[in-house]
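So the chains spell out like this:
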Amino acid sequence: MGRVPRNRPGLETYDEDSLGFGRIFTEHMLTMRYRDGAWQKAEIKPLENIVLHPAALIFHYSQQVFEGLKAFVGQNPDDILLFRPDKNIARFNRSCQRMCIPTIDPELFMEQMSALVRLDRDWIPQSPGTSLYIRPTVIATDPFVGVKTGSEYLFYIILSPVGAYYPEGFAPVKIMVTDKYVRACRGGVGEAKTGCNYAASLLAAEEAHAEGFTQVLWLNAVDKASIEEVGTSNIFFRINDRIITPPLSGTILPGVTRESVLQLACDLGYECREENITIDQVIQAAQDGSLKEVFGSGTAAVISPVSSLRYRGKDYTIADGKTGEAAHKLFERLTAMQTGREPDPYGWVVNIGK
Ligand code: COI
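Residues numbered from 1 in each chain as written. Predicted model: local features only at pLDDT ≥ 70, side-chain atom pairs only at ≥ 80, totals over all residues. Heavy atoms only, no water.

Undergrad: Would you mind going over empty space enclosed by the protein in detail, with residue names and values included?
TA: As enumerated under the stated definition, the model contains 2 cavities of 30 Å³ or more in all. Of the volumes computed, that of the largest cavity is approximately 100 Å³. Only β7 (69-73), α6 (256-267) and α8 (325-338) provide two or more residues apiece to the lining of the largest cavity. A class-by-class count of the residues in the lining of the largest cavity yields 5 nonpolar, 5 polar and 1 charged. In this structure, the lining of the largest cavity is formed jointly by two domains, domain 1 (16-162) and domain 2 (173-337), each of which donates at least three residues. By volume, the second largest cavity amounts to about 30 Å³. (1 Å grid on protein atoms, 1.4 Å probe; cavity = no way out; pocket = protein on both sides within 12 Å on 5 of 7 lines; lining within 4 Å. Points joined across faces, edges and corners; volume = space filled by probe spheres on them. Helix = DSSP H or I, 4+ residues; strand = E, 2+ residues; numbered from the N terminus. Nonpolar A, V, L, I, M, F, W, Y, C, P; charged D, E, K, R; others polar. Domains from an automatic or database assignment.)

What follows is the structure, encoded as structure tokens:
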């Protein structure tokens, strides 16, 4: 057990074992404004509130994009390890294109983000299951009440020392399958990491929470049959030794952890497939015993085993309600790579320390 921030007399410190997720923020933030058709000089400064005009476009029409990635201290205490930051930066820019927001030069993004993380390195927790969560965000700031694309933007990055995303920690979670609400449809913004996708998910999540479920599993908006993703993660099903996840069809988030899991699961000897899978196929597999496990994947959630699914009022217990073999191995492999405990043959881990 440790405390963050480390070695910093005079600052409030936090117990690493009870960080939760996204409640505590570090001392500094990065800001960069877009105006007159160009991104201006970035600035790193003490964390402070953002003051905006009440008509700022973000408040009315949600023109916004965000990302989430994590920093870890490596085996050498001078090492600060980021996991596939290039993927997050590329997805950020793709989301920006979809939301009519000017993109940011990936090299500049990486350089500025690294400088901020290095400055607040004492805040990176080191207990198992903890990390420094990095939240880059861009918002449209023009004060204007008509619907239009912004001409002024604020890009900022904040940092938060975190533990497990779910209150259950890394224990299995209960999921409610909804066919009452939908998250996204083709041609919409489902694959962009933009806040409005999450706002649209809140009512279903509230209803699921009220019935004791941690998350919602979304179905395809048109056929209400094919599986899409969970509220905060992509989803995987192990049917015997085959691991299946829905393909990227434009409606689900192209997860960095999802892509990594597809590779790591193959390395572990599973047959991996990106293919359509319907809720009826999942229920059938749960009933005939071939559904061995279900788990979510995401930056915040890492690998999140599912203990049960509720669909149309019936509950289906998965893997006796325990963490399955693949979820366990993938969690171990992923977190060992991210923290430098095991070798990274893919060059996914980037050391920004020293
Ligand atoms: C992440 O996994 O980093 C996310 O952004 C999901 C959620 C916290 C919104």
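Next comes the rest of the description.
Undergrad: Break down the layout of surface pockets for me, citing the residues and quoting the values.
TA: Considering only enclosed or pocket space, the largest pocket measures out at about 870 Å³ in volume. Along the walls of the largest pocket sit 43 residues, with Arg135, Tyr165, Tyr198, Gly231 and Thr232 positioned nearest its centre. Elements represented by at least two residues in the lining of the largest pocket include exactly β9 (131-140), β10 (153-162), α4 (195-199), α5 (202-210), β12 (215-219), β13 (227-230), α6 and β17 (291-298). Here the element with the most residues in the lining of the largest pocket is α5; it accounts for 4 residues. Each residue belonging to the lining of the largest pocket can be placed in one class, and the counts come to 19 nonpolar, 17 polar and 7 charged. For the lining of the largest pocket, the two domains that each supply at least three residues are domain 1 (16-162) and domain 2 (173-337). Of the volumes computed, that of the second largest pocket is approximately 360 Å³. What lines the second largest pocket is a set of 23 residues, among which Ser127, Pro128, Gly129, Thr130 and Thr339 lie closest to the centre. Elements supplying a minimum of two residues to the lining of the second largest pocket: β7 and α8.

Such coordinate-based values are descriptive only and should not be taken to indicate function.
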